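# Tertiary structure, described
Residues per chain, in single letters:
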Amino acid sequence: MKEQLVKRAIYSFFGPPGSGKGTLAQKLVADDQYLVLSTGNLCRQHVAAGSEFGKTLNQYLKQGHLIPDALVTEMVIDWLLAQTQTTSPIILDGFPRTQGQANIFLNFLNDVRDKFLFKVIVFDLSDDEIVKRLSQRIVCANKGCQATFTDSQKQEKCTFCGGFLTKREDDQEDVVRERLMQFPAHKEALLGFYNTTGQVVVHLDIARLLPLQVYASFCNLVENRDGLK
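A few points on the structure. Residue numbering note: each chain is counted from 1, following its sequence as written. Note on the predicted model: pLDDT of at least 70 is required for a residue's local features to be given, and 80 or more for side-chain atom pairs to be given and counted; whole-chain, interface and lining totals, by contrast, use all residues. Only hydrogens and water are set aside when side-chain values are computed; all heavy atoms of the structure are taken into account.

Here we take up the overall build of the protein. When helices and strands are counted, the protein shows eight helices and eight strands. The globule rule is 2.2 Å times the number of residues to the power 0.38, and the radius of gyration it is compared with is taken over C-alpha atoms. Relative to the 2.2 N^0.38 estimate, which gives 17 Å for 229 residues, the radius of gyration of the protein is 18 Å and therefore close to what a compact globule would have. Summarising its shape, the C-alpha atoms of the protein cover approximately 55 × 45 × 35 Å along the three principal directions. The rule is simple: take the accessible area with a 1.4 Å probe, protein chains only, and divide by the maximum for that residue type; under 20% is buried, over 50% is exposed, in between is partly exposed. For the protein, the residues scored as buried account for 41% of the 229 residues in total. Carbon and sulfur atoms form 51% of the exposed surface of the protein, whose accessible area is close to 13100 Å². In this charge count, Lys and Arg are treated as positive and Asp and Glu as negative; neither His nor the chain ends contribute. By convention, the point assigned to a charge is CZ for Arg, NZ for Lys, CD for Glu and CG for Asp. For the protein, the separation between the mean place of its 26 positive charges and that of its 26 negative charges on side chains is 3 Å. Think of it this way: any DSSP run of H or I at least four residues long counts as a helix, any run of E at least two long counts as a strand, and we number them from the N terminus. For the accessible areas, the method is Shrake-Rupley and the probe is 1.4 Å, while residue cover comes only from the protein chains on display.

Laid out in structure tokens, this is it:
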């Protein structure tokens, strides 16, 4: 009898800034041994290491140009294929971010369809709640960590790496609302593309939920829809 392969779960967390994607990812890493990838952190790591990816990235950054979707996606795929030490589920925090990235990534997944189970998780909540959340957010200053916390936790150092905590300049209300004004069109384009490809997209309503409640909702969603933990 042919052995049935177990597909490794990949979850793309998609939502506006401040929707709690990073907070949930941190919880899943700490409690359930998930792996998480932030493309921003990955880019910074390549630049700091002076890798071939890093050298190419630097060329775009020095010229003030946007990093091409193909380059970002190639880095993510390279990272993904290197994660062979465990079979833990993987979270892509904010990736794919554009239709171009999604198109390239779905083509890759189609070529390795026997290895991965890919689901898109959309975080839904109001703009006003996002503004409130971000006004209370503090982040780890360590560029390789960037863990998030809230002012109410009243701590000075990161729980994960010991780095100092700081406020991000783009968490000011006027900056946040400007970013949120641009998000609906971005969301419509990406989710519309997923719809045309038949990609599974699951909405997670996190309005007025505390972090532990969001965690419970996600775990319930995974168990009910995928049979994976």
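Read on for the rest.
A word on the packing of helix H6 (residues 127–135) against helix H7 (residues 173–197). To get an axis, fit a line to the C-alpha atoms, keeping to the stretch in contact for a helix; angles then go from 0 to 180 degrees between the N-to-C directions. Remark: H6 packs on H7, axes separated minimally by 10 Å, with the N-to-C direction vectors making an angle of 140 degrees. Judged on the interaxial angle alone, H7 and H6 are oblique. Between H6 and H7 lies a crossing whose hand is right-handed. Packed against H6, whose contacting residues are Asp 127, Asp 128, Ile 130, Val 131 and Leu 134, the element H7 presents Glu 173, Val 176, Arg 177 and Leu 180 at the interface. Residues are grouped as follows: nonpolar covers Ala, Val, Leu, Ile, Met, Phe, Trp, Tyr, Cys and Pro; charged covers Asp, Glu, Lys and Arg; every other residue, Gly included, is treated as polar. Classifying every residue of the contact of H6 with H7 gives five nonpolar, no polar and four charged. Angles are sorted into four bins: roughly parallel if under 35 degrees, roughly antiparallel if over 145, roughly perpendicular if 65 to 115, and oblique for all others. Whether a crossing is left-handed or right-handed is set by the direction in which the near helix is turned from the far one by less than a right angle, anticlockwise for left-handed and clockwise for right-handed. By definition in these notes, contact holds between two residues if any of their heavy atoms fall within 4.5 Å.

For the rest of this paragraph, the subject is the sheet that holds strand S7 (residues 165–166). What the three strands build is an open sheet, ordered S6-S5-S7; its pairing is antiparallel. Looking along the sheet, the strands with just one partner apiece sit at the ends: strand S6 (148–150) and S7. By the convention used here, strands pair only if DSSP detects at least 2 bridges between them.

The definition of a nonpolar core used throughout is a set of buried Ala, Val, Leu, Ile, Met, Phe, Trp, Tyr and Cys residues joined through side-chain atoms within 4.5 Å. One finds Leu 92 and Phe 105 to be the most contacted residues of the largest nonpolar core, which totals 33 residues. Looking at which element gives the most residues to this core, the answer is helix H4 (residues 69–82), with seven residues. If sequence neighbours within four positions are ignored, Leu 92 has contacts with Ile 10, Tyr 11, Ser 12, Phe 13, Leu 37, Val 76, Phe 105 and Phe 118. With 24 residues, the next largest nonpolar core counts Phe 13, Ile 91, Leu 180 and Val 214 among its residues.

Turning next to the environment of Thr 39. Here Thr 39 shows up in helix H2 (residues 39–49). Separated by 138 residues in the primary sequence, Thr 39 and Arg 177 place their C-alpha atoms 23 Å from one another. When sequence neighbours within four positions are dropped, the list of residues in contact with Thr 39 reads Val 72, Val 76, Phe 95 and Arg 97.

Here a salt bridge means any side-chain nitrogen of Lys or Arg lying within 4 Å of a carboxyl oxygen belonging to Asp or Glu. Going through the model one piece at a time under the given rule, you end up with four salt bridges. Put simply, Lys 187 and Asp 124 hold a salt bridge, and the shortest N to O gap is 3.4 Å. On the criterion of sequence distance, the pair formed by Lys 187 in helix H7 and Asp 124 in strand S4 (residues 116–124) is long-range, its members being 63 residues apart. On the basis of relative accessibility, which here comes to 23%, the residue Lys 187 falls in the partly exposed class.

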